[in-house]
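# Understanding the architecture of this molecule
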Amino acid sequence: MDFKGFDQPGRSAAGGTRSVKVMIAGGFGTGKTTMVRSVSDIKPLTTEETLTQASAADDHLIGVADKTQTTVSLDFGKIGINEELVLYLFGTPGQERFWFLWNGLFKGALGAIVLVDTRRLASSFRAIEEMERQEVPFVIALNVFPDSKHHPIEEIRDALDIPPHTPIVSCDARDRASSRDVLIALIRHLKERSAVAMEPR
């Protein structure tokens, strides 16, 4: 993939490699930590803590009853897409009580992935609203869980009120190749937006 002319915020001194900060956001239990772990070239930094009864009133486990841990700050990973481009991945916490951290995490982000669990669409509404509020370009990644029902993409787009120009892709956050494909879809989306912005008016 050619990244010439693509507006990147960072470039290393050696080899001209460009670095990009990418957010991985979504609701509680949608697979953000799993995606960072599966795709990162380095051992990821995670800030998971065990769920306890003390947080039961805040961490609603409807649809994710088997979940035993939760991110309390951020997840961090890194992946080289090719010799030209390195992505630094920042996974956000999904629970409402940690949303105050999002403003700081989003600073300098060029784009984002919003992970969606189609069994619990409402859990990702807040993440989508935050992308729009902060004007961060994003793609929707439908994380396919074993018991997820198939829904046509346009039904998902309507339910989430996603504009036509925002890509929606399916993925398995546990799978490195699948997660990498989502990141590539985001980069393509950012390139297309950059090309449109540069067109003469």
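Refer to the structure above for everything that follows.
In what follows, the accompanying structure is described. (Residues numbered from 1 in each chain as written. Predicted model: local features only at pLDDT ≥ 70, side-chain atom pairs only at ≥ 80, totals over all residues. Heavy atoms only, no water.)

What follows deals with the nonpolar core. Formed by 23 residues in total, the largest nonpolar core has its most connected members in M35, L87, L89, I113 and L183. Contributions of two or more residues to this core are made by β2 (18-26), α1 (32-39), β6 (85-91), β7 (111-116), β8 (138-143) and α5 (176-198). In terms of residue count, α5 provides more of this core than any other element does, six residues in total. Apart from the residues within four sequence positions on either side, L87 is in contact with V20, V22, G77, K78, I79, I81, L183 and I187. (Core = buried A, V, L, I, M, F, W, Y, C linked by side-chain atoms within 4.5 Å. Buried < 20%, exposed > 50% of the residue type's maximum accessible area, 1.4 Å probe, protein only. Helix = DSSP H or I, 4+ residues; strand = E, 2+ residues; numbered from the N terminus. Contact = heavy atoms within 4.5 Å.)

Summed over all chains, the structure comprises two aromatic pairs. Both rings, one in F76 and one in Y88, keep their centres 6.1 Å apart while their planes meet at 15°; by these two values the pair is stacked. Taken as a pair, F76 in strand β5 (residues 75-80) and Y88 in strand β6 lie far apart in primary sequence, 12 residues in all. Judged by centre distance (5.1 Å) and plane angle (65°), the ring pair of F76 and F90 falls under edge-to-face. Residue F76 is located in strand β5, and its partner F90 is located in strand β6; the two are separated by 14 residues in the primary sequence. (Phe/Tyr/Trp six-rings, centres within 6.5 Å; stacked < 30°, edge-to-face > 60°.)

The element β8 is largely enclosed, with a buried count of six among its six residues. Because side chains alternate across β8, one face comprises the buried residues F138, I140 and L142, and the other comprises V139, A141 and N143, equally buried. One ladder, built from five bridges, connects β7 with β8; its direction is parallel. Residue pairing for β8: L115 is matched across the bridge by A141. Handedness of the β-α-β unit built from β7, helix α3 (residues 125-134) and β8 comes out right-handed. (Pairing = 2+ DSSP bridges. Right-handed = clockwise from strand over helix to strand, strands pointing away.)

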